[in-house]
Amino acid sequence: MSAFDYDLFVIGGGSGGVRAARIAASEHGAKVAMAEEFRMGGTCVIRGCVPKKLMVFAAGHGAAIDDAAAYGWQVEKGRFDWTAFRKRLDAELNRLESIYTRNAETAGVTILHQRATVTGSHTVRLADGREISAKHILIATGGTPFVPEPYAGIEGVMTSNEVFLMDALPASMLVLGGGFIACEMAGIMQGLGVQVTQMYRGEQILRGFDSDLQEHVAAALVQQGIALETHTDLTALERGADGGYMATDTQGRRRRFDAVLFATGRVPNTRGLGLESAGVAMDKAGAVTVDAYSQTNVPSIFAVGDVTNRIQLTPVAIREGHAFADTVFGGTPVSVDHSDVASAVFTRPEAGTVGLTEAEAAARGPIEVYMASFRPMQSAFIGADTKALFKLVVCAVTRRVLGLHIVAPGAGELIQIAAVAVKMGATKDDFDRTVAVHPTMSEELVLLRKPTRTT
């Protein structure tokens, strides 16, 4: 009989934690418990990827109606009904939450719907006061939105956690931030009929992405009617008597907005978990420090997903959770390869990227850049100005494709397929040998013959 109550105790019922718990229990026979203080499914299902993507779909239909009219359809465009959408969204998230719960329980995982904190290398304490022992503890508490301290306590200020819970759409919104969440939310709100100002203190949005991709997405946001203001930051924010907000910025302007959304980054969700008292090492940002097998400096405690601040993407957390279960309970050490992980930004048009940016690749050695920027047939026909971008970053010595960057309708779908080739080590010659599918946008990937520039 085990000296512990459980073989594994997971704190956090998001994608990474649920995958680890399910695999450990169903495939490796471990006795597993999981504590989730909010809702099963975590950020991605409840407050992130899923509701965000559904809002992207909703926002896109408005532009589609305009395009349909330009193509000759007789259509009448009305106002977006947020109340009707919100009702369907809530129902869908409830459905997905029940699936996450049911799948975990079917796998044999005991779910405890309350907060748990770490009290030692093998013990956790529940909110109801019970103390539970486990041979292994997995921290999978994800990340949480960051709001700068001067503005965190202002009533009604939203983050990506609250934006899905609005009772009504505002007439105007200030979106603060330049990352993918800020850009996506700005595009969504504009598409739903909100007058959007996006303010970012940096030089260009989407820091860390390829520079050409950044410029194309920024241009698209502006073309859609978003007031994109870079090199600008808040200096003061006040809640007015009418429920609106008065914002003062570094340009000296003082303006009123009906709503304010902070998309100023996310931080690891480790505050108050008791990790310090258990001796778990964390970095300055509060991220749990782990090795290639997601193990902390305390041998019995592991961590996966955004709480480790490696790559903040749901599929990465899932892969890490599965690898952890196979390593610890399956007897097969598995580490996750974090190189060449594809990602997408669901703006309009979407942006997709995999591999190195041009700047990153150039820092490693000589490269060739192949790029095409053009108006796709579908939009050029009706006189729309938004351009697509297809870009290959190629090693000049080995001819291997080091990076691939797309801004185009459906770029998220395209980059998933292209990522397979990049991960396999495809060369520019491999792309050249591939026959194009015509007429498509993506045929540009195999038709780029001459370098745009070399470095």
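The sections below set out a description of the structure shown in this document. (Residues numbered from 1 in each chain as written. Predicted model: local features only at pLDDT ≥ 70, side-chain atom pairs only at ≥ 80, totals over all residues. Heavy atoms only, no water.)

1. Concerning the overall build of the protein chain
Okay, step 1: Across its full length, the protein chain holds eleven helices and 22 strands.
Okay, step 2: In terms of overall dimensions, the protein chain is globule-like: its C-alpha atoms have a radius of gyration of 24 Å, near the 23 Å expected for 455 residues.
Okay, step 3: Looking at the protein chain residue by residue over its 455 residues, the buried ones come to 49%.
Okay, step 4: Carbon and sulfur atoms make up 52% of the accessible area of the protein chain, which totals about 21200 Å².
Okay, step 5: Charge-centre separation for the protein chain: the mean point of 43 positive side chains lies 1 Å from the mean point of 49 negative side chains. (Helix = DSSP H or I, 4+ residues; strand = E, 2+ residues; numbered from the N terminus. Rg over C-alpha atoms; globule rule 2.2 N^0.38 Å. Buried < 20%, exposed > 50% of the residue type's maximum accessible area, 1.4 Å probe, protein only. Areas by Shrake-Rupley, 256 points an atom, 1.4 Å probe, with all protein chains shown as cover. Lys, Arg positive; Asp, Glu negative; His and termini not counted. Charge placed at Lys NZ, Arg CZ, Asp CG, Glu CD.)

2. Here's the deal with the packing of aromatic side chains
Okay, step 1: With the rule as written, the count across this model stands at eight aromatic pairs.
Okay, step 2: Measuring from ring centre to ring centre gives 6.1 Å for Phe324 and Phe329, while their planes differ by 85°; the resulting arrangement is edge-to-face.
Okay, step 3: According to the relative accessible area criterion, Phe329 is buried, its value standing at 18%.
Okay, step 4: What links up through ring pairs into an aromatic cluster is the set Phe80, Trp82 and Phe85.
Okay, step 5: Stacked on the ring of Tyr6, the Lys or Arg Lys31 has its end atom at 5.2 Å from the ring centre.
Okay, step 6: Above the plane of the ring of Tyr370 lies Lys428, whose end atom (NZ or CZ) is 4.4 Å from the centre. (Phe/Tyr/Trp six-rings, centres within 6.5 Å; stacked < 30°, edge-to-face > 60°. Lys NZ or Arg CZ within 6 Å of the ring centre and 35° of its normal.)

3. Notes on the side chain of Arg86
Okay, step 1: With respect to the helices and strands, the residue Arg86 is situated in helix H4 (residues 82–106).
Okay, step 2: Judged by relative accessible area, which is 18%, Arg86 ranks as buried.
Okay, step 3: Of the polar contacts made by the side chain of Arg86, one reaches the backbone oxygen of Leu165; its length is 3.0 Å.
Okay, step 4: When sequence neighbours within four positions are dropped, the list of residues in contact with Arg86 reads Phe164, Leu165, Met166 and Asp167. (Polar contact = N/O pair within 3.5 Å; in protein donor to acceptor, adjacent residues only side chain to side chain. Contact = heavy atoms within 4.5 Å.)

4. Things to note about the sheet that holds strand S9 (residues 195–199)
Okay, step 1: With parallel pairing, the four strands of this open sheet are ordered in space as S10-S9-S8-S14. Each edge of the sheet is formed by a strand with only one pairing partner; in this case those strands are strand S10 (227–229) and strand S14 (259–262). Mean inter-strand twist for the sheet, computed between neighbouring axes without regard to direction, equals 15°.
Okay, step 2: Examined bridge by bridge, S9 and S10 share three bridges and lie parallel to one another. By the bridge assignment for S10, Thr197 is matched with Ala227.
Okay, step 3: Sitting on the sheet, helix H5 (residues 180–191) is in contact with strand S8 (172–176), S9 and S14, with an inclination near 165° to S9. (Pairing = 2+ DSSP bridges. Axes fitted to C-alpha atoms, helices over the stretch in contact; angles between N-to-C directions.)

5. Notes on the pattern of salt bridges
Okay, step 1: As enumerated under the stated definition, the model contains 28 salt bridges in all.
Okay, step 2: The salt bridge partner of Glu92 is Arg95, with a shortest N-O separation of 2.8 Å. You can see Glu92 and its partner Arg95 sitting in helix H4, three residues apart, about one turn around the helix.
Okay, step 3: Looking at Arg95, the relative accessible area reads 42%, which means it is partly exposed.
Okay, step 4: Across the salt bridge formed by Asp212 and Lys391, the nearest N and O atoms sit 2.6 Å from each other. With a gap of 179 residues between them, Asp212 in helix H6 (residues 211–223) and Lys391 in strand S20 (residues 388–395) connect regions that are remote in the sequence. Across this residue pair, the class does not change: Asp212 and Lys391 are buried.
Okay, step 5: One continuous salt-bridge network, built from bridges that share partners, spans Asp210, Asp212, Glu358, Lys391 and Arg453. (Salt bridge = Lys/Arg side-chain N within 4 Å of Asp/Glu carboxyl O.)

6. Some details on the nonpolar core
A general tendency of soluble globular proteins is for nonpolar side chains to be buried together.
Okay, step 1: Formed by 40 residues in total, the largest nonpolar core has its most connected members in Met55, Met173, Met189, Ile205 and Val217.
Okay, step 2: Elements represented by at least two residues in this core include exactly helix H3 (49–70), H4, S8, H5, H6 and S14.
Okay, step 3: Setting aside anything within four residues of it in sequence, one finds Met55 in contact with Trp82, Phe85, Phe164, Ile188, Met189 and Leu192.
Okay, step 4: Counting 23 residues, the second-largest nonpolar core is a separate cluster that includes Val124, Ile132, Val288 and Val298. (Core = buried A, V, L, I, M, F, W, Y, C linked by side-chain atoms within 4.5 Å.)

7. A few points about the environment of Ile23
Okay, step 1: As for its position among the elements, Ile23 is in helix H1 (residues 15–27).
Okay, step 2: For the pair formed by Ile23 and His322, sequence separation is 299 residues and the distance between their alpha carbons is 6.5 Å.
Okay, step 3: Ile23 has contacts with His28, His322, Ala325 and Asp326, leaving out every residue within four places of it along the chain.

8. Observations regarding the sheet that holds strand S12 (residues 245–249)
Okay, step 1: The strand order across the open sheet built from three strands is S11-S12-S13, with neighbouring strands paired in antiparallel fashion. Every other strand in the sheet has two partners, leaving strand S11 (234–239) and strand S13 (254–257) as the edge strands with one partner each. Taken over all neighbouring pairs, the strand axes of this sheet differ in orientation by 25° on average, direction set aside.
Okay, step 2: Inspection of the sheet shows S12 paired to S13 by four bridges, in the antiparallel sense. Bridge pairing in S13 links Thr248 to Arg254.

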